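Descriptive structure summary
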Amino acid sequence: MSYWFNVKTGKVEAHEDPGRAQGGDLMGPYETEAEATQALETARKRTEAWDEAERREREWETGDADSNYSDNNPLNG
C-alpha cells in the first residue's frame, strides 16, 4: 500500500483512503507510513544536500563558493 503526507493537514493518508486529498497538497507516495511521516524531514535533508552540491559546483566553476554565477554558457557572457 502507498502512503502520502498531506502538507496542509500534516497527516499521513493511505492510498486507499476515500477522502485522500489530491494534487499539490500531497508528498509521496511512500512505501510505509513511517516514511510518509518523515516526508518533510526527508525533503529538508535532500534540499540541503542539493544546495551543498550546487555550492561545490559553483566553487569549482568560479573559485568562489558564494558566487551566484550559474550561467556556464560561453555565448551569454
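The structure we're discussing is the one just above.
This section reports on the structure supplied with the text. (Residues numbered from 1 in each chain as written. Predicted model: local features only at pLDDT ≥ 70, side-chain atom pairs only at ≥ 80, totals over all residues. Heavy atoms only, no water.)

**Describing the overall build of the protein**
Summing up its helical and strand segments, the protein has two helices and three strands in all. When the elements of the protein are put in sequence order from the N terminus, they spell out β-β-β-α-α. Residue pairs at least 24 apart in sequence account for 29% of intrachain contacts in the protein once pairs closer than 6 positions are excluded. In the structure as shown, the protein presents an accessible area of about 6000 Å², 48% of it carried by carbon and sulfur atoms. (Helix = DSSP H or I, 4+ residues; strand = E, 2+ residues; numbered from the N terminus. Contact = heavy atoms within 4.5 Å. Areas by Shrake-Rupley, 256 points an atom, 1.4 Å probe, with all protein chains shown as cover.)

**Topic: the sheet that holds strand 1 (residues 3-6)**
Taken together, three strands build an open sheet; the order of strands is 2-1-3 and the sheet is antiparallel. Among the strands making up the open sheet, the edge pair consists of strand 2 (11-14) and strand 3 (26-30). Sheet twist, expressed as the mean angle between neighbouring strand axes with direction ignored, is 25°. Pairing geometry for strand 1 and strand 2, over four bridges, is antiparallel. (Pairing = 2+ DSSP bridges. Axes fitted to C-alpha atoms, helices over the stretch in contact; angles between N-to-C directions.)

**A short note on the nonpolar core**
Membership of the largest hydrophobic core is limited to seven residues, which are Y3, F5, A14, M27, Y30, A36 and A39. Where this core is concerned, the elements lending two or more residues are strand 1 and strand 3. Setting aside chain neighbours within four positions, we find F5 in contact with G10, K11, V12, D25, L26, M27, A36, A39 and L40. (Core = buried A, V, L, I, M, F, W, Y, C linked by side-chain atoms within 4.5 Å. Buried < 20%, exposed > 50% of the residue type's maximum accessible area, 1.4 Å probe, protein only.)

**A short note on the pairing of strand 1**
Neither face of strand 1 is left uncovered, since the one carrying Y3 and F5 and the one carrying W4 and N6 both have all their residues buried. Between strand 1 and strand 2, which pair antiparallel in sequence order, lie four residues; one of them, G10, sits at a positive phi of approximately 75°. Direction of pairing for strand 1 relative to strand 3: antiparallel, over a ladder of three bridges. From the neighbouring strand, Y3 faces strand 3, where its bridge partner is Y30.

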